[in-house]
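What follows is the residue order along each chain.
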Amino acid sequence: MDTKTLMEWSARYHTPNYGRSPILLVRGEGTRVWDSDGREYLDFTTGIAVTALGHCHPVVTGAIREAAATLLHVSNIFHTAPQIHLAKMLVEHSFADRVFFCNSGAEANEAALKLARKYGKEKLASDRYEVIATHNSFHGRTLATVTATGQPKYQHGFEPLMPGFKHVPYNDLRAMERALDNRTAAILVEPIQGEGGVHVPDDDYLPGLRKLCDESGALLIFDEIQTGMGRTGKLWGYEHSGVEPDVMTVAKALANGVPIGAMLCREEAASVLTAGSHGSTFGGTPFVTSVALATLTTMIGEKLPERAARLGRDLMDGLRAIQASNPLIKGVRGRGFLIGIELAKPAAPLMDACRDSGLLVLTAGEKVLRLAPPLVAQPGEIARALDILKDVLSKAGG
Ligand SMILES: Cc1ncc(COP(=O)(O)O)c(C=O)c1O
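What you are looking at is a predicted structure, and each value in this text was computed from that prediction instead of being measured. (Residues numbered from 1 in each chain as written. Predicted model: local features only at pLDDT ≥ 70, side-chain atom pairs only at ≥ 80, totals over all residues. Heavy atoms only, no water.)

Draft legend 1. Representation of the packing of aromatic side chains in the model. Across all of its chains, the model carries three aromatic pairs by this definition. Measuring from centroid to centroid gives 5.7 Å for Phe95 and Tyr238, while their planes differ by 80°, and the two rings are edge-to-face. Of this pair, Phe95 sits in the loop between helix 4 (81–92) and strand 4 (98–102) while Tyr238 sits in the loop between strand 8 (219–223) and strand 9 (247–250); the two residues are 143 residues apart in sequence, bridging distant segments of the chain. Like Phe95, the residue Tyr238 is buried in the burial classification. Each ring, one from Phe138 and one from Tyr154, has its centre 5.0 Å from the other, and the planes form 75°; the classification is edge-to-face. Separated by 16 residues along the polypeptide, Phe138 in the loop between strand 5 (130–134) and helix 6 (143–148) and Tyr154 in helix 7 (residues 152–155) bring together distant segments of the chain. Across from the ring centre of Trp34, 4.0 Å away, lies the NZ or CZ of Arg27, which sits over that ring. (Phe/Tyr/Trp six-rings, centres within 6.5 Å; stacked < 30°, edge-to-face > 60°. Helix = DSSP H or I, 4+ residues; strand = E, 2+ residues; numbered from the N terminus. Buried < 20%, exposed > 50% of the residue type's maximum accessible area, 1.4 Å probe, protein only. Lys NZ or Arg CZ within 6 Å of the ring centre and 35° of its normal.)

The structure is reproduced here in structure tokens:
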């Protein structure tokens, strides 16, 4: 089928809820993808922080083949070994005691929000069900998670939203302290706001939230759907802060592109999820948990978070060097391989210009270009991306 016809069918048959780039991707390997015309691109989007080990990593592909030929799906009314091994590995490499598996980031956050409500009611007080989230956050597209998301543009038209949510400015401890009251069941934040513009909070922010939760009994929930799995230069974003959450949500890179979500939590919080209280048909199938095990084992074994920390610093240094002679760049921020370039003008046309020059990047908010390369990106690929960015930004009037 020719590309033109497929594009026409895409416009005709899909619901129109995505603004898509006008290319059709057909193949990927490592940091590179190819379109239907054979054009090669450096992929610094990784499916929005998903394919951390790069496209078609041989270990992941091997795990997919083997798991598909062994046991694809059985219900959670049975035990399966890969799910148990993955839960054990996640617990051994995090603060958590227990893990619930689902299929996406939004579902992981749904699980965390439901847990917070049940925990609040059963362990704190019958009317403690509220969750405080932050302006500019992103937590998903289901009705509860879009309510938690502190960006009206994602909520518009879907009202009435869920009751029981409040929002305060991100990185503002005083505002959080003022909002917290005897209804609060949990605080929900991203350790770095990704979608909202790659905002890294001050060093005292997450420890301050930890203290507020310790004093009030509320649960501290970190949404690590974007910051987790090595993206920020540590396996989990919270490891930069010196404090741990009570609940953490993970998805995106956990199985390097095969859909999965997970909610990790401490024993005391987990105890409210009694048998039958929550569940998922597809959550944690032997197939996806085998692929996640292969992904996590590779990531830890090959020290990829450390690599992202090192090369992420080089990438940021390179961007700051471009900034020094280009007034279009207002700031460069981020950690590891989650980087935002704040611009003086809208980012979308520059994202398109990068694509036309062979580099796929993301936006985050109106004026931020977001880079999320695979953790396996080679130094030469980073240098090439910097050349393209320099050229595109200078042509854009910098
Ligand atoms: C921080 C964060 N939370 C939640 C989500 C929602 O994840 P999903 O699209 O898998 O539902 C995203 C997706 O971008 C995210 O970045």
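Draft legend 2. Broad picture of the site of the ligand. Close contacts around the ligand come from Ser104, Gly105, Ala106, Asn109, Phe138, His139, Gly140, Glu190, Asp223, Ile225, Gln226 and Lys252, and that covers them all. Within the backbone of Phe138, a nitrogen or oxygen atom sits 3.3 Å from a nitrogen atom of the ligand. Its free accessible area being 390 Å², the ligand has 82% of it covered by the protein chains. No other element matches helix 5 (residues 105–124), which puts three residues into the shell around the ligand. Here the shell around the ligand is built from residues that sort into three nonpolar, six polar and three charged. (Near = heavy atom within 4 Å. Polar contact = N/O pair within 3.5 Å; in protein donor to acceptor, adjacent residues only side chain to side chain. Areas by Shrake-Rupley, 256 points an atom, 1.4 Å probe, with all protein chains shown as cover. Nonpolar A, V, L, I, M, F, W, Y, C, P; charged D, E, K, R; others polar.)

Draft legend 3. Expanded view of the packing of helix 12 (residues 304–324) against helix 14 (residues 379–395). It is the contact of helix 12 with helix 14, at a shortest axis distance of 10 Å, that shows an interaxial angle of 25°. Between helix 12 and helix 14, the crossing angle belongs to the class labelled roughly parallel. Here the hand of the crossing between helix 12 and helix 14 comes out right-handed. Contact residues: helix 12 offers Arg307, Leu311, Leu315, Gly318, Leu319 and Ile322, while helix 14 offers Pro379, Ile382, Leu386, Leu389 and Lys390. Residue composition of the contact of helix 12 with helix 14, by class: eight nonpolar, one polar and two charged. (Axes fitted to C-alpha atoms, helices over the stretch in contact; angles between N-to-C directions. Parallel < 35°, antiparallel > 145°, perpendicular 65-115°, else oblique. Left-handed = near helix turned anticlockwise from the far one by under 90°. Contact = heavy atoms within 4.5 Å.)

Draft legend 4. Spotlight on a nonpolar patch on the surface. A contiguous nonpolar surface patch, about 400 Å² in accessible area, is contributed by Met1, Trp9 and Tyr13. Relative to the helices and strands, Met1 is located in the segment before helix 1 (3–13). Judged by its relative accessible area of 66%, Met1 is exposed. (Patch = residues over 30% accessible without salt bridge, like charges linked within 9 Å, V, L, I, M, F, W, Y side chains within 5 Å. Salt bridge = Lys/Arg side-chain N within 4 Å of Asp/Glu carboxyl O.)

Draft legend 5. Expanded view of helix 13 (residues 348–356). Every buried residue belonging to helix 13 is among Leu350, Cys354 and Arg355, and all of these are buried. Angularly, the buried residues of helix 13 cover 145° about the axis, an arc narrow enough to put them on a single face. Contacts made by the buried residues of helix 13 are with strand 3 (40–43), strand 12 (338–343), strand 13 (359–360), strand 15 (368–371) and helix 14. Taken from the residues just after helix 13, Gly358 is the one with a positive phi, measuring 95°. (Arc of directions from axis to C-beta.)

Draft legend 6. Region of the structure containing the pairing of strand 11 (residues 329–335). As defined by bridge partners, strand 11 adjoins strand 12 across six bridges and the pair is classed as antiparallel. Pairing of Gly334 across the sheet is with Ile339, part of strand 12. Taking the residues between adjacent antiparallel strands as the criterion, strand 11 and strand 12 are bridged by two residues, where Gly336 takes a positive phi near 60°. (Pairing = 2+ DSSP bridges.)

Draft legend 7. Up close: the nonpolar core. Grouped together as the largest cluster of nonpolar side chains are 82 residues, with contacts concentrated most on Met176, Val189, Leu209, Leu315, Leu319 and Leu359. Non-local contacts of Leu359, meaning those with residues more than four positions away in its chain, are made with Tyr41, Leu42, Phe44, Cys354, Ala385, Ile388 and Leu389. In this structure, Ala144, Leu219, Ile221 and Ala270 belong to the second largest nonpolar core, which totals 23 residues. (Core = buried A, V, L, I, M, F, W, Y, C linked by side-chain atoms within 4.5 Å.)

Draft legend 8. Up close: the sheet that holds strand 13. Ordered by their spatial adjacency, four strands build an open sheet running 1-2-3-13, and the pairing between neighbours is mixed. Each of the sheet's edge strands pairs with one partner strand only, and the pair in question is strand 1 (25–29) and strand 13. Two strands pair when backbone bridges link them, and strand 2 (residues 32–35) and strand 3 are joined in this way by three bridges, in the antiparallel orientation. By the bridge assignment for strand 3, Trp34 is matched with Glu40.

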